[in-house]
Each structure stands twice: as structure tokens, then as C-alpha cells.
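Fold and geometry: a report
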Amino acid sequence: MTKMTWPTTLRYAGCAALVAGLAACGAAPSSGTSSNDASSAATSTASSSSPSPSGSSSASSSSSPAQRTVTVTVRGSRVTPAPRTVELGVGETMTLTVTSDHADQLHVHGFDIEKELPAGTPVSVELTGESPGVYEVETHHPELRLLKIAVR
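Let us look at the structure shown here. All values derive from a computational prediction rather than experimental measurement.

Conventions adopted
- Residues numbered from 1 in each chain as written.
- Predicted model: local features only at pLDDT ≥ 70, side-chain atom pairs only at ≥ 80, totals over all residues.
- Heavy atoms only, no water.
- Helix = DSSP H or I, 4+ residues; strand = E, 2+ residues; numbered from the N terminus.
- Buried < 20%, exposed > 50% of the residue type's maximum accessible area, 1.4 Å probe, protein only.
- Pairing = 2+ DSSP bridges.
- Core = buried A, V, L, I, M, F, W, Y, C linked by side-chain atoms within 4.5 Å.
- Contact = heavy atoms within 4.5 Å.

1. Description of unusual backbone geometry
In this structure, Pro81 follows Thr80 across a cis peptide bond, with omega equal to -5 degrees. Tracing the backbone shows Pro81 in the loop between β2 (78–80) and β3 (85–88). The omega torsion of the bond from His141 to Pro142 falls at 0 degrees, within 30 degrees of zero and hence cis. Looking at where Pro142 falls in the secondary structure, it is placed in the loop between β8 (133–140) and β9 (143–151). One non-glycine residue, Asp112, lies in positive phi territory at about 55 degrees. The topology assignment puts Asp112 in the loop between β5 (104–108) and β6 (113–117). Taking the relative accessible area as the measure of exposure, Asp112 reaches 77% and is therefore exposed.

2. A few points about the pairing of strand β1 (residues 68–75)
Both β1 and strand β4 (residues 93–100) contribute to a ladder of seven bridges, which runs parallel. Looking at β4, one finds that Thr69 is bridged to Thr95. The pairing of β1 with β2 spans three bridges and is classified as antiparallel. Looking at the pairing, Arg75 lines up with Arg78 of β2.

3. Quick look at the nonpolar core
Counting 24 residues, the largest nonpolar core has Leu96, Val108, Phe111, Leu127 and Ile149 as its most contacted members. Elements with a contribution of two residues or more to this core: β1, β3, β4, β5, β6, β7 (123–128), β8 and β9. Looking at this core element by element, the count peaks at five residues for β9. The contact partners of Leu96, leaving out residues within four places of it in the chain, are Val70, Val72, Val108, Val123, Ser124, Val125, Leu127, Val137 and Leu147.

Okay, here's the thing in C-alpha cells:
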């Protein structure tokens, strides 16, 4: 039986396409990367430039990643930015800062957090993803969904 291999030009063309695609996303591997290391370099670069859904990171440095902050403002019954789902990896921490134009209560389901929101005063809570799931963040007066936190 004859062993079939990819022609060298196709192998390198595939690597070039990967590098071009990463460059378009702003995450090109370093120039010293060989074609055999392109896949691992791409994985390392992609995971260090943004948090992965699992919260894992391939960075080997002992310094902690930059603290992530999500800010929400409530004016009357309008939530800014519009309610959305925010990804948080298991073990990852983020700070949620909420400012309301009226006195209210902040409730973060799944994190067992309820805090008073004084009118016009930003309130910050630190959240660490512990259990995978999707959790709502809301106010009580009026009942408004601010966002969902997807811990993965």
C-alpha cells in the first residue's frame, strides 16, 4: 500500500491561511514560529488575548490577568447597555458596577448577592464564577433584568 502525504505546498498554504486569518483578528503568532509550531502558537496567542469560555489561560506568567469590569446604568426602567449575556469562566473574577437614578436593590442570582442601590451612587460587587450555569442579575424596584452571567 502506498503512503499518501499532502504536498508540501498545500501544507504551507494551510499554515499561511491560518496565520493570515489570525492576523486579520489581530492575533498573529510571532515571526520566529515554524510551520510545525503554527497551531500551538495560534492557540496560545488566541487564549492570551481574550478569555476563553472555560476560563483557562495558557499564559505561564505568574502575574494575574487584568481585572474585568462590567458597568450598567439604570435610568427609570431603561438599562444601559441593553441586557446581554456576559461570559465568565469557572474561577474567573469580574467586577460588576451598577448605578441607578433611583433607590433600588441589586440581586445577583447564583452568587447569593443582594445589595442596596442608593440613588446616583455606583455600587460594585466582585463576582467569581464557581458553578457552571446561567445566572440573572436584576433590580427589584422595578423588576428589571440587567444582564445574564454565563459561567462556563
